[in-house]
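Inside the fold
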Amino acid sequence: MRIFLILLLIYSCNNNTTLPKQKAFFAPKLETPTYKNSNLDCNYNLLINSKSLINNFNNCNYEIYYKDLNSKIFINQINFSSTIDELKNMFDQKVLENSKFSNQIIESEYIDLDKNIYSRLYSFIGDSPANIQFYLTDMSNNFITGSLYFETKPNYDSLYPYINYIRNDIRKMVDSFEWTNE
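Residues numbered from 1 in each chain as written. Predicted model: local features only at pLDDT ≥ 70, side-chain atom pairs only at ≥ 80, totals over all residues. Heavy atoms only, no water.

**As for the overall build of the protein chain**
Rules: In this text, helices come from DSSP runs of H or I with a minimum length of four residues, and strands from runs of E with a minimum of two, each type numbered from the N-terminal end. The buried label goes to any residue with under 20% of its type's maximum accessible area, the exposed label to any with over 50%, and the partly exposed label to all in between, with areas taken from a 1.4 Å probe on protein chains only. By definition in these notes, contact holds between two residues if any of their heavy atoms fall within 4.5 Å. Exposure was quantified through the Shrake-Rupley algorithm and a 1.4 Å probe, taking into account, for residues, occlusion by the shown protein chains and nothing else.
When its secondary structure is counted, the protein chain shows three helices and 11 strands. Helices (α) and strands (β) of the protein chain occur, in sequence order from the N terminus, as α-β-β-β-β-β-β-α-β-β-β-β-α-β. Across the 182 residues that make up the protein chain, the buried fraction comes to 40%. Considering only contacts in the protein chain between residues 6 or more positions apart, those separated by 24 or more positions represent 51%. Carbon and sulfur atoms provide 51% of the accessible area of the protein chain, an area that totals close to 11600 Å².

**As for the packing of aromatic side chains**
Each aromatic ring pair is specified by the distance between its two centres and by the angle formed by the two planes. Stated formally: What counts as a ring pair is set by centres within 6.5 Å for rings of Phe, Tyr and Trp (its six-membered ring), and what kind of pair is set by the plane angle: stacked under 30 degrees, edge-to-face over 60, tilted for all other angles.
All chains considered together, the criterion is met by eight aromatic pairs. Judged by centre distance (6.4 Å) and plane angle (85°), the ring pair of tyrosine 44 and tryptophan 179 falls under edge-to-face. Of this pair, tyrosine 44 sits in strand E2 (residues 44-45) while tryptophan 179 sits in strand E11 (residues 178-179), and the two are 135 residues apart along the sequence. Put simply, the rings of Phe91, Tyr122, Tyr135 and Phe143 touch in pairs and so form one group of aromatic residues.

What follows is the structure, given as structure tokens:
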């Protein structure tokens, strides 16, 4: 019996068993973006990723479509019939509705006094319908909102590389943004 245990022990030490793989997410290789002028017939200009397409709906409401990433940034120009505070409150309400599905919200602000641009961007950590929401305004006549949506079931962990890629594009849009009606 002792010899059997020793042989079993020796045999089991030499056996190369396969361990289960750890769960992991696909890490896509995204190209370094290049940018082009949006060439919109609106009262502003901005740079967009050259891999994206612009679909104009009406009155400067359009979507920036990323075919390869299966996502869209919806851009809406809101008529300034309300005060800036009312428009900000409406936008904050939209952010609050979207935040029900997220674990955390990261807020960033951008102000360029020379170009008269005030912007706020919200990034949602979690499985929220819109992963990024932002606005741009001149605080007097113009108010533009944007929201990033993916055409798939929200799964933040899987979408994170794409969200981060498009967040950098949105930052480029905001940095390059210029009003043309002033």
